[in-house]
Amino acid sequence: MTQLSPMMTQYLETKKQYPDCILFYRLGDFYEMFFEDALTASKALEITLTGKECGLEERAPMCGVPYHAVDNYLSRLVQQGYKVAIAEQMEDPKQAKGLVKREVIRVVTPGTLLSGQSLEDSKTTI
């Protein structure tokens, strides 16, 4: 019998609270997605699907986007009808004792997307 890693357990606990969202889970310089979210996002965003050791017999499907470019990816997902929950690191990983605390700080939907670029892209000329 296999057991999930502590980080993956934390991810799945967070995901349970936002089952209707793709969960962007901050790991260092990237927002990572796992399992079904990774399968969905990799297709929708046309990004590479990889895998991560997670304590299970098989690697968890995984994909990710750089944090500094997140607005572009959020916009693309929302325009395709997806909701995205963003789980941010709430403490400095270098200072954390054990697992880094993470919390969902924002849920992005078509009604909450506020990126200037996204708003420009959605304007229509009359």
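Residues numbered from 1 in each chain as written. Predicted model: local features only at pLDDT ≥ 70, side-chain atom pairs only at ≥ 80, totals over all residues. Heavy atoms only, no water.

> Explain the environment of glutamine 89 to me, please; I cannot follow it from the model alone.
Its location among the elements puts glutamine 89 in strand β5 (residues 84-89). The spacing of glutamine 89 and tyrosine 25 is 64 residues in sequence and 8.4 Å in space, taken between C-alpha atoms. Every residue in contact with glutamine 89, bar those within four places of it in the chain, is listed here: Arg26, Leu27, Gly28, Val100, Lys101 and Arg102. Reaching out from glutamine 89, the side chain makes a polar contact with the backbone nitrogen of glycine 28 at a distance of 3.1 Å. (Helix = DSSP H or I, 4+ residues; strand = E, 2+ residues; numbered from the N terminus. Contact = heavy atoms within 4.5 Å. Polar contact = N/O pair within 3.5 Å; in protein donor to acceptor, adjacent residues only side chain to side chain.)

> What is the right way to look at the side chain of aspartate 37 in this model?
With respect to the helices and strands, aspartate 37 occurs in helix α2 (residues 35-45). We classify aspartate 37 as buried; its relative accessible area is 7%. Of note is the side chain of aspartate 37, whose polar atom sits 3.0 Å from the side chain of lysine 15. (Buried < 20%, exposed > 50% of the residue type's maximum accessible area, 1.4 Å probe, protein only.)

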